[in-house]
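# Structural overview for review
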Amino acid sequence: MSRTSTPTSNTEIKFCSNDGIWENGRCICPEKWKGIRCTIRNFCNGSTNDNFTFEEIVAGKYGPSTQKCGENTLNAGRPKATRLCSISIYGEIVLENVTLINCNENLEDLEKKVSNSTIWTQYGPISKQTQLLTVDANTLTAENITSAATVVGQIFNRNATLEAKQEAVTTVSQLLQAPTDVFENGAVNDDALATLIKEMEKYSTNTSLGDKPVVQPNVAVQFVNLSSGNTVLFSVKKGASDSLHHGSTTVDTKVNQLNADTDTELQILLNTSNRNAMACGFVVYQNSKFFKSKVFKTESDFSQKVISSRTDIEGDKNTSVDFVFNPTYDHKKLKIHSYACVYWNFTKNDWDTKGCIKKDGANGFYCQCNHTTNFGVLMSFKKNYKYPESLDKLSTAGCALSITGLFLTIVFQIVTRNVRKTSVTWVIVCLCTSMLIFNLLFVFGIENSNKKMNNNTDTNETGSAKNEIPETPFVSNPTCTVVAALLHYFLLVTFTWTGISAAQLYFLLIRTMKPLPQHFVLFISIIGWGVPAVVVVLTIGLIFSQNKSDSQWELNYRQEEICWLATSVNNNIVTSPFLWAFVLPVTLILIHNVVVFIIIIVKVIWKKNHNLTSTKKVSTLKKILSMLSIAVVFGITWILAYCMLINNEYVMIIFSYLFCIFNTTQGLQIFILYTVRTKIFQDEASKVLKSLSLSSGRMKSLSSVGSLRLRMRIYNLLRSFPTLNEHFRLLEPSVITEEFTLSESEEANPSI
């Protein structure tokens, strides 16, 4: 069924090259590319040097060698060497020399060494080795991060060289690149992170930094001399990617108010009345991984920056800040539910709103705080659900027709079973029943009632003056979860019965099995109704057991906006129930059905049988219509769903409409092909129409010869309906077997 979001303009997609994404009026480039259209290379090519091999390295980052430390070393599995892809003062990308890593000195050893060391000359090698061991951030464990954070915190706190502290900044950037779940599982030591954050604040006011910022992809540090005034404006500009780079930050000491524009992602104005303050510093964290909150959890995947601001006076209470955040996120998919201006409270080790208020302003979320520390804006989102109205209406209309057709087909198959003496009654009835229930649930239950409730009660919470840490907009809805499970079950049942139907036809037409196995009806019923139930129960059970401590565990099974399977979990399609509990089994069934379909076409429908007389030869039209009859019951048109995955807007739209038309009306097609076309139905329909015509004739007086002639013509037309059957009758399995001299297989199994 069709509940898809409207794709972006194809022109915008083509405008961004190299997998860039058009978002909010600009190309957001992957980190290996930059420029307006993501066409400028931002990486060093793969290389080999000193017998070490390196893959492509993003500019400004270190790359690990493919050669790893041996199994018997302390750093087993970690790279033996690293190489920096640097950017020169002229903007050129340059590969630096290879740096070897000590495979027998790990982060835990460095943590002990820095704690026991009092000689400042030892801090440089310790800082460098720590930086080298954190190059491959994806392999870092919680223990590794704790040890590295402890080392870096000590480096900033000790009388280390400027170079050693700059290496420490690089390490911080690399730690922020580590997987989010490593931080979220709680194993990273909070005290180590808190110490690191405090020492970074102090480091930002160190005069040895000078006027030039220290910028790494995930962190930037800026020192500012206050001799020229008591206000400083520090800004972070939006870039073509999520990474920070030289030129991302600017400083202005000649303004006294915020002046953010649409290109500004973050801006903070420090205002101090403390005459003893000689300098101030700023630290920008590209994400909030170091700030592990217990009171706020966000499900959004955008990068939440954190800004630190302070003067060189410890505990300065005469300084305030105004700041604005204008984060980059997909406005087409998300809309702000609420936000709060917060700072990091080291006592609570969590976000707090004390001393901070919201302010009105354009181009972002404005805040004011009467103190200095690490600031952020916490935002909760609601997904912005938009469906193409035409597809929505087409789905509803198609499902309504299918519901009617399926109901009539079930009644017809049951009532006329003995008269028809056909062998498809049980399979067709089960297939139609599961499809009927699925269509009813789809039409009346797939929309999440919470979504309608939120739309009806939505208020502009973002404009509220109340500064409170936002709560998640998610509202538990067990009914929606039950509907999703039922939709999941009955659609799997439908596909299972299409597979059973294919297997049955294969045995009847190809293997000509007579009779079919004993208890065949019971066997296929257990498979058709039981196997999908096992899949659904196992899926829900596994998801609940793995996420039972999460109040939002339902969203690991179903989507939030509609009562259907979640297409991805944490943006990972591989872990989604949609893939393993639906797409995989359906794909296997469709492959089976397509193979059987092709075999029947080749060996039965289009096979030349010289034993047939000329009067029994089947016309090309009937052969084509026979193929159509089988294709509908086999669900072959669901293959169109895979065509919708093509990464082209126009192709996707075309297949979306084709998928919607063919599959929402599948029940109507079955009604036409397996009910309307039968002689029994047409004879009965002709009798009913004839009776209605005669009744109407009795009620009306024959006032004129012209009206009499008109009624006679209608009567003659109605009498001709049965003869039309020979021209338009489609071939059901029993008809196929009759016309292809295989009817004995049918007669041997009249009960199925």
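A quick note: this is a predicted structure, and the numbers were derived from the prediction, not measured.

To continue, consider the sheet that holds strand β22 (residues 356–359). Taken in spatial order, the six strands of this open sheet run β15-β14-β16-β19-β23-β22, and their pairing is antiparallel. Two strands close off the open sheet at either side, each with one partner strand: β15 (249–252) and β22. For this sheet, the mean inter-axis angle between neighbouring strands, taken without regard to orientation, is 15 degrees. Inspection of the sheet shows strand β19 (residues 319–325) paired to strand β23 (residues 365–369) by five bridges, in the antiparallel sense.

On to the packing of helix α12 (residues 478–510) against helix α13 (residues 520–547), then. Packed helices, taken two at a time, are described by the angle between their axes plus the distance between the axes. Relative orientation of the contacting elements α12 and α13 amounts to 145 degrees, with a least axis distance of 9 Å. Here α12 runs over α13; the crossing is right-handed. Note on element contacts: α13 touches α12 through I524, S525, I527, G528, W529, P532, A533, V535, V536, T539 and I540, opposite A485, H488, Y489, F490, L492, V493, T496, W497 and I500. Grouping the constituent residues of the contact of α12 with α13 by class yields 15 nonpolar, five polar and no charged.

Our focus in this paragraph is α13. Helix length check: α13, at 28 residues, gives a terminal C-alpha distance of 40 Å against a target of 40 Å (1.5 Å per residue), a fit within 8%. Along α13, the largest kink reaches about 30 degrees and is centred on G530; proline P532 follows within four residues of it. For α13, the set of buried residues is F520, I524, S525, G528, P532, V536, T539, I543 and N547. Each element contacted by the buried residues of α13 is listed here: α10 (425–445), α12 and α14 (577–605).

Relative to the helices and strands, Q129 is located in helix α3 (residues 123–133). In this structure the side chain of Q129 is engaged in a polar contact, spanning 3.2 Å, whose partner is the backbone oxygen of N102. Among all residues touching Q129, those that are not within four sequence positions of it are I101, N102, E105 and L110.

If you look at the biggest cluster of nonpolar residues, it comprises 65 residues, and the most contacted ones within it are L487, F495, W497, W564, F582, I600 and F634. Among residues more than four places away in sequence, those in contact with F582 are H488, L491, L492, F495, W564, L565 and P577. Within the second largest apolar cluster, 52 residues are counted, among which are I101, I126, L132 and F296.

Take the environment of G247 next. Looking at where G247 falls in the secondary structure, it is placed in the loop between β14 (231–237) and β15. Given the relative accessible area of 57%, G247 is considered exposed. The spatial distance from the C-alpha of G247 to the C-alpha of V236 is 8.8 Å, given a sequence separation of 11 residues.

Tallied over the full model, the rule gives 25 aromatic pairs. With a centroid separation of 4.6 Å and an interplanar angle of 45 degrees, the aromatic rings of Y339 and F365 are classed as tilted. Taken together, the residues span a long stretch of sequence, with Y339 in strand β20 (residues 334–345) and F365 in strand β23 at a distance of 26 residues. According to the relative accessible area criterion, F365 is buried, its value standing at 13%. Taken together, the ring pairs in this structure connect F183, Y285, F290, F291, W344 and W351 into an aromatic cluster. Across from the ring centre of F43, 5.5 Å away, lies the NZ or CZ of R41, which sits over that ring. In this arrangement the basic side chain of K358 is found over the ring face of Y339, its NZ or CZ atom lying 4.2 Å from the centre.

So, about the pattern of salt bridges. Counted under the stated rule, the structure contains 14 salt bridges. Across the pair E31 and K61 runs a salt bridge whose closest N-O atoms are separated by 2.9 Å. With E31 in the loop between β2 (26–28) and β3 (33–34) and K61 in strand β9 (residues 61–64), the pair connects residues that are 30 residues apart, well separated along the chain. Taking relative accessible area as the criterion, E31 reaches 34% and is therefore assigned partly exposed. Note on K61: relative accessible area 16%, which makes it buried. In this structure, K202 engages E199 in a salt bridge whose closest nitrogen and oxygen atoms are separated by 3.9 Å. One end of the pair, K202, and the other, E199, are both in helix α7 (residues 190–204), three residues apart, so they sit about a helical turn from each other.

We now examine the pairing of strand β10 (residues 81–87). Taken across its seven residues, β10 has six buried, putting it largely inside the fold. In terms of strand pairing, β9 meets β10 through four bridges, oriented antiparallel. Note on β10: the bridge partner recorded for Y62 is L84. Where β10 lies against strand β11 (residues 93–100), six bridges are found, and the strand directions are antiparallel. Paired with I87 across the two strands is I93, which belongs to β11. Taking the residues that link successive antiparallel strands as the turn, the β10-β11 hairpin has five residues, and the phi of G91 there is positive, at about 85 degrees.

So, on to the confidence of the model for the protein. Where the model shows low pLDDT, its predicted coordinates should not be examined in detail. Here the protein averages 81 in pLDDT, while 81% of its residues score no lower than 70. At the low end of the mean pLDDT range in the protein sits helix α23 (residues 743–747), at 35; at the high end sits strand β7 (residues 52–54), at 95. Ignoring residues within four places in sequence, the model shows residues 2–13, a span with pLDDT below 50, making 31 contacts including any to other chains. Counting contacts from residues 455–461, a segment whose pLDDT is below 50, to residues more than four positions away or on other chains yields five contacts.

Reading guide: rules and limits
- Residues numbered from 1 in each chain as written.
- Predicted model: local features only at pLDDT ≥ 70, side-chain atom pairs only at ≥ 80, totals over all residues.
- Heavy atoms only, no water.
- Pairing = 2+ DSSP bridges.
- Helix = DSSP H or I, 4+ residues; strand = E, 2+ residues; numbered from the N terminus.
- Axes fitted to C-alpha atoms, helices over the stretch in contact; angles between N-to-C directions.
- Left-handed = near helix turned anticlockwise from the far one by under 90°.
- Contact = heavy atoms within 4.5 Å.
- Nonpolar A, V, L, I, M, F, W, Y, C, P; charged D, E, K, R; others polar.
- Expected span 1.5 Å × (residues − 1).
- Bend = angle between axes of the 7 residues up to and from the residue.
- Buried < 20%, exposed > 50% of the residue type's maximum accessible area, 1.4 Å probe, protein only.
- Polar contact = N/O pair within 3.5 Å; in protein donor to acceptor, adjacent residues only side chain to side chain.
- Core = buried A, V, L, I, M, F, W, Y, C linked by side-chain atoms within 4.5 Å.
- Phe/Tyr/Trp six-rings, centres within 6.5 Å; stacked < 30°, edge-to-face > 60°.
- Lys NZ or Arg CZ within 6 Å of the ring centre and 35° of its normal.
- Salt bridge = Lys/Arg side-chain N within 4 Å of Asp/Glu carboxyl O.
- pLDDT = per-residue confidence, 0-100.

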